[in-house]
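# Chains, contacts and geometry: an overview
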Amino acid sequence: MKVLDIIRDANANLLRNKMRSFLTILAIFIGSFVIILSTGISAGVNDFVDKQMSAVGGEGYVEIMNTAASEQVTQMFNQDAQEYTEPGENENTDIYISDKQIEDARKIDGVKSIDAFKNASAEYIKMKGENKRFKLNLNLVPRGNLNMDLSAGRKADPDAEDYEIIVQQNLAESLGYDNPEDIVGKTAEIAVPSTVACFTAAKRSDCLTTIEAKIVGVQAPGILAMAGSRANLALWNKINEINNENMPEENNRAIQATADVDPAKAEDIKKAMADLGLTAMTIEDEVGQIKTFFDAMLAVLSIFGGIALLAAAIGIINTLLMSVQERTREIGLDKALGMSNGRVFLNFALEAIMLGFWGSVFGIAISVLIGQAINSVTHDSILKDLPSFQLTIFRPEDLLGVTVLIMLIALIAGVLPARKASKKDPIDALRYE
Amino acid sequence: MSNDILLSTHGLHKSYGKRDSKFEALRGINLEIRRGESVAIVGKSGSGKSTLMHLLALLDRPTKGEIRLGDKQTSKLKQRQLNHLRNKEFGFVFQSFFMNANDSVLNNVILPLKIAGVGRRERKQRAIHALKIVGLETKAKNKANDLSGGQKQRVCIARAIVNQPKVIFADEPTGNLDSGTGEKIEELLFNLNKEQGITLIIVTHDQELANKCSRQIHISDGHIVSDDTITADIESADAETEEEVGPTEEEVAEEIRESIIEERDEIDTNGDGFIDEEDQPHVTRIKSKGSK
Ligand SMILES: Nc1ncnc2c1ncn2[C@@H]1O[C@H](COP(=O)(O)OP(=O)(O)OP(=O)(O)O)[C@@H](O)[C@H]1O
Ligand SMILES: [Mg+2]
């Protein structure tokens, strides 16, 4: 009997008891659906992260915080009471980065440059000569070989004396420039509040100072865009200065730093900085956090899928055992007509495999359909600003892998019934009523 | 010397169950079956006919004793060889027609060929040919379950012959059928025996059918109580040492003819009026074989 015959027979036998086969396949389908969808999402997230990573580049770019500050962030999630201990001599207790820490960090082998920066906040941005104003979420243009993933223009020069700014593409469009190329080179007006003056000002506009900055680039949508528009160091410092007019000097200190380091030494540098009380993170570390979060979520999902598959495997055993019982006479006839035990085994094993196959084929079909739906829904809503992010991606090799895995599980489940069938004695089977 | 002996059994025992429930279905069966014979195994219900047939067909193994196929000990055969024999050399017609009721007639007939690994086109042709022989080619596409009892049995015969076996084992092939249909089935089987030299081993409790066979083995409670060619066997064996195979066959045929006539006389004494008419064509058929 040829393989094709066996496969055809296996399918025909499954069709003989449609309801039962359908329910078994349904159980496998549920498991495979969950697993395929979570691999799809996992692939989507990983693909997005990889794309962003290659768009951003950022090898050797590190962001630095005081360890005490980064611990404060993690402490937020810790609700246990903690015993107080006197801080040691070198232990940092405030969230600021001291000049000494920066000087020490600059001396670490492999650190090419390091900039500490203070806070700077702007009120709004508008085009020169226009009236429409938009809130401005501002960040600093990083040094180093960080590729800013720009849709137009160039990266702002961190060391330029002129005030330069990169705006997000969304913002550029709102400002009236649908084509990002058109906004490059234009001058924007940025209103900056003076914190102390604003305490007493009658009107908010009374405490705002307007400065002009040149738009040199447009930030394409992506994770970098989430950090907002980017100012060069000169603009940043100017804004900081206005923010802190009439403010005591000790309140205006650096809380963050960025450094450009030798990527090969990144791990050693991170350790050395940790000794200085600084927490350094590469882009990979930061993106890794997103990845870890998704991976954990998807691992949980996959475990559910696995449990569903386990239950489905028991369903397969059950279905096939019933089938063996019902077909006792048929098996007897096959064997009386010279079918070998091995082939009887193969017939039932293949039925199990076909159950697994159909379950995973339906799983794939429905997952892909639902995945497309999810993609188009999220594309227009929560992922509007990340057009390159497809939440689910189904790679053929993943689908094939899951199918093979499920067929393997089905085969293992089929071993018991198939053995039982192959052990049947033809005479007993023929006498069976 | 014994190269025309197809199957022989030596002290065959078969018991079922253990200890208290132990039951000896066969208690020492010795017999030889020659190629081209048509053998009837006759006996009451429960006498062990089916058990004996299953052993001869190598579907089951004896508890004690031995079955030889030609001069090979069948207990020494590998499972693979047994499967080959069942698939290629033997054809079976089982006591209650054994079919895959929900499958088509054609697929039922195809089954042995499918097991043998014959290609799709060829096996279909051969199955249709077999169905033509039993006169059911028009029913090929029907569901097996929808056929009448006689048609089902003919399908089983088609399935038994589709692999062109050397031996056909038939367990009560006419048991469930009315006499008219039964006769058709019998005619089919005997034609195969006459025309193709297929050895027939028929289990029956129908004396009429048994009479049409060249030899009758009566069993009762697991023993052979009469085997009407036992004497012929010995004589023919003697003849073989003196002469070649050719004359032996004629002698065997003569023996068979005599024994059949004897049987007929026996039945005549029973006073059954129909038997004479029915036996007449049978005797001429044997004559025609003897004159070949
Ligand atoms: N698997 C078995 N277990 C126990 N006893 C069995 C088994 N198979 C057959 N027997 C017994 O062996 C005896 C012979 O059975 P067998 O089927 O050979 O009878 P038979 O001559 O073919 O009868 P029938 O004409 O009714 O078919 C019976 O008494 C039966 O009960
Ligand atoms: Mg019987």
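Residues numbered from 1 in each chain as written. Chains lettered and ligands numbered in written order. Predicted model: local features only at pLDDT ≥ 70, side-chain atom pairs only at ≥ 80, totals over all residues. Heavy atoms only, no water.

## Re a nonpolar patch on the surface
Residues A:M19, A:F22, A:L23, A:L26 and A:I30 make up a contiguous nonpolar surface patch of about 490 Å² in total accessible area. Its place among the elements puts A:L23 in helix α2 (residues 18-56). (Patch = residues over 30% accessible without salt bridge, like charges linked within 9 Å, V, L, I, M, F, W, Y side chains within 5 Å. Areas by Shrake-Rupley, 256 points an atom, 1.4 Å probe, with all protein chains shown as cover. Salt bridge = Lys/Arg side-chain N within 4 Å of Asp/Glu carboxyl O. Helix = DSSP H or I, 4+ residues; strand = E, 2+ residues; numbered from the N terminus.)

## Side note on the side chain of A:T392
All names here are of chain A. With respect to the helices and strands, T392 occurs in the loop between α13 (341-380) and α14 (396-422). The class of T392 is buried, set by a relative accessible area of 3%. Polar contacts involving the side chain of T392 include one to the main-chain carbonyl oxygen of G371, which spans 3.1 Å. Those residues in contact with T392 that sit more than four places away from it in its chain are G40, I41, G371, Q372 and N375. (Buried < 20%, exposed > 50% of the residue type's maximum accessible area, 1.4 Å probe, protein only. Polar contact = N/O pair within 3.5 Å; in protein donor to acceptor, adjacent residues only side chain to side chain. Contact = heavy atoms within 4.5 Å.)

## Some details on the interface of chain B and chain A
Counting residues at the interface gives 26 residues for chain B and 20 residues for chain A. Across the chain B/chain A interface, buried area totals approximately 2,100 Å², and carbon plus sulfur atoms make up 56% of it. Summed over the three residues of chain B that lose the most area to chain A, namely B:F98, B:K114 and B:I115, the buried surface amounts to 31% of that side. Joining chain B to chain A, the criterion identifies 2 salt bridges. Measuring nitrogen to oxygen at the nearest pair gives 2.7 Å for the salt bridge that ties A:D5 to B:R123. Linking chain B with chain A are 5 residue pairs in polar contact (both at pLDDT 80 or more). Looking at the side of chain B that touches chain A, the elements that each hand over two or more residues are α1 (49-56), α2 (79-89), α3 (105-116) and α4 (120-133) of chain B. For the side of chain B that touches chain A, the element with the most residues is α3(B), which contributes 5 residues. Considered class by class, the residues forming the side of chain B that touches chain A number 12 nonpolar, 8 polar and 6 charged. (Buried area = accessible area lost by both parts, 1.4 Å probe. Nonpolar A, V, L, I, M, F, W, Y, C, P; charged D, E, K, R; others polar.)

## Some details on the site of ligand 1
Around ligand 1, a shell composed of 14 residues is seen, among which B:S45, B:K49, B:S50, B:T51 and B:Q95 lie nearest. At the site occupied by ligand 1, the surrounding residues belong to chains A and B. At 2.6 Å, a side-chain N or O of B:S45 approaches an oxygen atom of ligand 1. B:S47 places a polar main-chain atom, nitrogen or oxygen, 3.3 Å from an oxygen atom of ligand 1. Within the complex, 71% of the 630 Å² of free accessible area of ligand 1 lies under protein. Listing elements by their share of the shell around ligand 1, those giving two or more residues are β2 (23-34) and α1 of chain B. (Near = heavy atom within 4 Å.)

## Side note on helix α9 (residues 233-243) of chain A
Extensive coverage of α9(A) is indicated by the burial of 8 of its 11 residues. Residues of α9(A) that are buried: A:L233, A:A234, A:L235, A:W236, A:I239, A:N240, A:I242 and A:N243.

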